[in-house]
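Close look at the chain arrangement
Chain by chain, the residues:
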Amino acid sequence: MKRYSGKTVYKGIQMGPVFVLKGKESQVKRVRIEDAQAEIERVEHAVRKAQEQLQRLYDKAVKEVGEASAAIFEVHQMMLEDEDYLEAIHNMIRTEMVNAEYAAAVTGDNFSEMFANMDDEYMKARAADIKDISTRLVNNLTGNEDTDFESKEPMIIVADDLTPSETVQMDKEKILAFVTVHGSANSHTAILARMMNIPALIGVPLDLDAIHTGMYAVVDGFQGEVIFEPDEETRADAKERIEQEQEKLRLLEELKGKENVTLDGRKIQIYANIGSVSDVAYVLENDAGGIGLFRSEFLYLGRDQFPTEEEQFQAYKQVAQMMAGKKVIIRTLDIGADKQVDYFNLGREDNPAMGYRAIRICLTQQDIFRTQLRALFRAAFYGNLSVMYPMIISVEEVKAIAAIVEQVKAELEQDGLPYRIPEQGIMIETPAAVLISDELAKLVDFFSIGTNDLTQYTLAIDRQNEKLDAFYNPHHKAILRMIQMVVENAHKAGKWVGICGELGADRELTEWFVRIGVDELSVAPSMVLKVRKAVREIRISDGSISG
Ligand code: PEP
Ligand code: MG
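Residues numbered from 1 in each chain as written. Chains lettered and ligands numbered in written order. Predicted model: local features only at pLDDT ≥ 70, side-chain atom pairs only at ≥ 80, totals over all residues. Heavy atoms only, no water.

1. A few points about the sheet that holds strand β11 (residues 328-331)
Reading around the circumference, β9-β10-β11-β12-β13-β14-β15-β16 is the order of the eight strands in this closed barrel, with parallel pairing throughout. Within this sheet the neighbouring strands show an average axis-to-axis angle of 25°, counted without direction. In this structure, strand β9 (residues 269-274) lies alongside strand β10 (residues 291-295), joined through three bridges in parallel fashion. Residue pairing for β10: N273 is matched across the bridge by L293. (Pairing = 2+ DSSP bridges. Helix = DSSP H or I, 4+ residues; strand = E, 2+ residues; numbered from the N terminus. Axes fitted to C-alpha atoms, helices over the stretch in contact; angles between N-to-C directions.)

2. Description of unusual backbone geometry
Non-glycine residue A324 carries a positive phi angle of around 45°. By secondary structure assignment, the location of A324 is in the loop between α10 (309-322) and β11. Overall, A324 belongs to the exposed group, its relative accessible area being 64%. In the Ramachandran plot, A460 falls in the positive-phi region, its phi being about 55° despite a non-glycine side chain. For A460, the location among the structural elements is in the loop between α16 (451-459) and α17 (477-492). (Buried < 20%, exposed > 50% of the residue type's maximum accessible area, 1.4 Å probe, protein only.)

3. Some points on the pattern of salt bridges
Inspection of every chain in the model, using the stated rule, returns 30 salt bridges. Here K239 ties to E243 by a salt bridge, and the two come within 3.5 Å at their closest N and O atoms. Separated by four residues within a single helix, K239 and E243 lie in helix α8 (residues 232-253), roughly one turn from each other. Notably, a salt bridge pairs E247 with R250, separated by 3.0 Å at the nearest N-O pair. With E247 and R250 both in helix α8, this residue pair falls three residues apart, about one helical turn. You can call R250 partly exposed: its relative accessible area is 43%. One continuous salt-bridge network, built from bridges that share partners, spans E297, R331, D334, K339, R357, D453 and R463. (Salt bridge = Lys/Arg side-chain N within 4 Å of Asp/Glu carboxyl O.)

4. Notes on the coordination of the magnesium ion (ligand 2)
At this site the magnesium ion (ligand 2) is bound by E429 (OE) and D453 (OD), with donor distances of 2.0 to 2.1 Å. Taken together, the residues span a long stretch of sequence, with E429 in the loop between β13 (423-428) and α14 (431-435) and D453 in helix α16 at a distance of 24 residues. The exposure class of E429 is buried, given its relative accessible area of 2%. A residue is classified by how much of its surface remains accessible, and D453, at 3% relative accessible area, is buried. (Donors = N, O, S within 2.8 Å, 3.2 Å for Na, K, Ca; no water.)

5. Description of the domain arrangement of the protein chain
For the protein chain, the assigned domains are domain 1 (2-21 + 149-251), domain 2 (36-142) and domain 3 (258-424 + 499-536). The distance between the C-alpha centroids of domain 2 and domain 3 comes to 36 Å. The interface of domain 2 with domain 3 comprises eight residues on the first partner and six residues on the second. Both faces combined, the contact of domain 2 with domain 3 buries some 540 Å², and carbon together with sulfur accounts for 43% of it. Along the contact surface separating domain 2 from domain 3 lie zero salt bridges. (Domains from an automatic or database assignment. Contact = heavy atoms within 4.5 Å. Buried area = accessible area lost by both parts, 1.4 Å probe.)

6. Re α10
An α-helix turns once every 3.6 residues. As a result, residues three or four positions apart point the same way. Between its terminal C-alpha atoms α10 stretches 20 Å, which fits the 20 Å expected from 14 residues at 1.5 Å a residue. Along α10, the residues that are buried comprise E309, E311, Q312, F313, A315, Y316, K317, V319 and A320. Directly after α10, the chain includes A324, whose backbone phi takes a positive value near 45°. (Expected span 1.5 Å × (residues − 1).)

7. Topic: the sheet that holds strand β6 (residues 200-202)
Taken in spatial order, the eight strands of this open sheet run β1-β8-β7-β3-β4-β5-β6-β2, and their pairing is mixed. Because the sheet does not close on itself, it has two edges, and the strands there are β1 (2-5) and β2 (7-10). Averaged over neighbouring strand pairs, the angle between their axes works out to 30° when direction is ignored. Where α8 meets the sheet, it contacts β1, β3 (13-21), β7 (216-220) and β8 (225-228), and its direction lies at approximately 115° from that of β3.

8. Observations concerning the environment of I133
Here I133 shows up in helix α5 (residues 121-142). Among all residues touching I133, those that are not within four sequence positions of it are H76, M79, L80 and Y85.

9. What about the packing of aromatic side chains?
Working definition: an aromatic ring pair is given by the centre-to-centre distance plus the angle between the planes. Applying the stated criterion across every chain, the model contains 12 aromatic pairs. Their ring planes at 50° and their centres at 5.9 Å tell us that W512 and F513 sit as a pair that is tilted. The same class applies to W512 and to F513, which are both buried. Taken together, the ring pairs in this structure connect Y300, F306, Y343 and F344 into an aromatic cluster. A cation over an aromatic ring shows up here: K317 above the ring of Y382, its NZ or CZ 4.7 Å from the ring centre. Taking NZ or CZ as reference, K339 lies 5.9 Å from the ring centre of F298, over its face. (Phe/Tyr/Trp six-rings, centres within 6.5 Å; stacked < 30°, edge-to-face > 60°. Lys NZ or Arg CZ within 6 Å of the ring centre and 35° of its normal.)

10. Regarding the site of ligand 1
Among the 16 residues in the neighbourhood of ligand 1, the closest are listed as H188, R295, R331, N452 and R463. Between ligand 1 and G450 there is a distance of 3.4 Å, counted from an oxygen atom to a backbone nitrogen or oxygen. Isolated, ligand 1 exposes 290 Å² of accessible area, and the fraction of that covered by the protein chains is 100%. Elements with a minimum of two residues in the shell around ligand 1: α7 (188-196), β10 and α16. Among the elements that make up the shell around ligand 1, the one with the highest residue count is α16 (three residues). (Near = heavy atom within 4 Å. Polar contact = N/O pair within 3.5 Å; in protein donor to acceptor, adjacent residues only side chain to side chain. Areas by Shrake-Rupley, 256 points an atom, 1.4 Å probe, with all protein chains shown as cover.)

11. Some words on the packing of helix α3 (residues 83-96) against helix α4 (residues 100-116)
Direction vectors running N to C along α3 and α4 enclose 135°, while the axes themselves pass 9 Å from each other. As the angle between them shows, α3 and α4 are arranged oblique. Of the two elements, α3 crosses α4, and the hand of that crossing is right-handed. Counting all contacts with α3, which are made through D84, Y85, A88, I89, M92 and I93, the residues of α4 involved are A100, Y102, A103, A104, V106, T107, G108 and F111. (Parallel < 35°, antiparallel > 145°, perpendicular 65-115°, else oblique. Left-handed = near helix turned anticlockwise from the far one by under 90°.)

Take a look at the structure:
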């Protein structure tokens with residue numbers, strides 16, 4: 001039995017088998033072999049396995065994101081049947097007498113370079129696909145089948161670190177808990193863990209070579225501990241606590257269908273934050289009043305080309321329809337900083353959090369923005385959809401957006417497509433936006449305060465930097481004063497204001513939020529009933545949290 005401590009990202013307790021997710025950079029070694037035929041058979045076995053994995057991924061993607069987005073897995077299946085590619089691997093094994101994984105890796109690199117150098121843009125784009133399938137083959141050959149864990153029973157994912165795009169691709173039903181060696185509590189990976197309702201620990205000083213897939217572990221988010229190969233007593237204790245947790249969740253269930261109202265009659269909306277169409281299930285399950293933040297950039301992650309207007313339209317429409325008239329606030333693309341996507345070719349930046357991200361990309365690469373707006377306005381025709389824009393710092397930006405919206409509207413009109421220009425708001429997540437919120441309020445329909453970035457930019461603390469977690473204090477007086485100022489300015493202009501950063505779910509502040517007149521809190525689906533419970537226990541007092 002071995003215990004390690006870390007920082008809790010989401011409280012909860014789970015136990016089960018471990019799956020160690022190895023980094024992608026694991027080097028493939030060249031090994032001299034004696035039996036070429038046996039190596040070729042290993043390749044064939046790995047190819048068959050890859051075909052099965054891709055079929056499963058295809059089926060899953062069709063259900064979650066639709067046929068058009070899933071098509072990439074069909075393309076990969078076809079590429080795996082390509083005779084030139086397979087023959088090149090076999091030939092290398094025969095002539096150089098090298099191991100299968102080495103031949104697959106080198107052939108993959110060669111083919112991908114060849115495609116990357118082609119003039120045709122479509123062929124160029126296939127370079128990344130070749131890399132992807134050869135990595136899959138190598139993983140299958142080395143037994144490092146990180147992409148294949150969806151076929152297994154639910155597991156505890158142990159990794160050095162996880163990127164948002166790795167996390168977003170995982171099948172949430174198959175994850176019991178996350179444990180990572182690195183990572184910051186305010187990163188998007190941490191936010192995803194909260195959204196998925198999954199116990200998660202980060203900053204756990206593990207020696208990953210000593211942990212193997214198949215080991216057993218208890219992840220205790222309350223104590224901030226992971227225990228590998230627990231003894232009988234620890235297992236029994238964990239089992240009892242898991243049952244107690246389930247009982248607490250069952251009690252929360254009784255709050256479903258109830259209002260978010262204080263003992264003295266003050267109401268507040270409680271909405272949920274999501275990152276994908278399939279998250280709507282969690283929203284409905286937890287009885288949220290709407291969706292206060294759909295981080296649309298997750299539709300762009302974990303793939304190798306831009307989602308088309310049609311794909312986006314289908315995704316947004318599906319969410320709007322599933323929410324059946326309840327409000328759905330979709331935030332336009334907030335890519336950049338920790339959410340990196342290769343095909344955007346954003347390039348390296350010394351200071352990405354303060355760099356080329358979000359609305360700055362949209363106002364510069366307007367084609368990407370227009371495509372998304374077209375999809376959003378078309379989808380708005382089918383439900384109660386609102387749009388909000390991230391990372392705003394100026395009145396000029398809001399005016400520039402309004403001008404683009406007018407053009408997109410004219411285009412849709414001309415195309416004769418059904419559309420609706422929905423309610424439009426902005427995120428208040430920079431100190432600049434807070435300080436000019438009186439002016440901004442006149443130009444938009446609503447505000448949503450992004451406390452994650454607002455804390456980062458106000459306190460000058462990189463939310464990704466795990467060394468600074470102890471200094472990252474969203475309860476800082478400066479943040480609370482800013483929130484109060486934004487609420488006042490919104491209300492003066494007759495606009496509503498919500499909070500969609502993680503602070504919205506902080507129950508130490510729920511009473512204060514209600515008291516200063518916040519209209520809406522948008523929280524992880526798993527927090528909706530917990531915050532409702534807190535609201536229903538409040539009697540508005542005169543006590544104050546200094547703002
Ligand atoms: C925020 O900054 O508070 C926010 C909600 O946006 P994100 O966490 O996606 O940056
Ligand atoms: Mg933000």
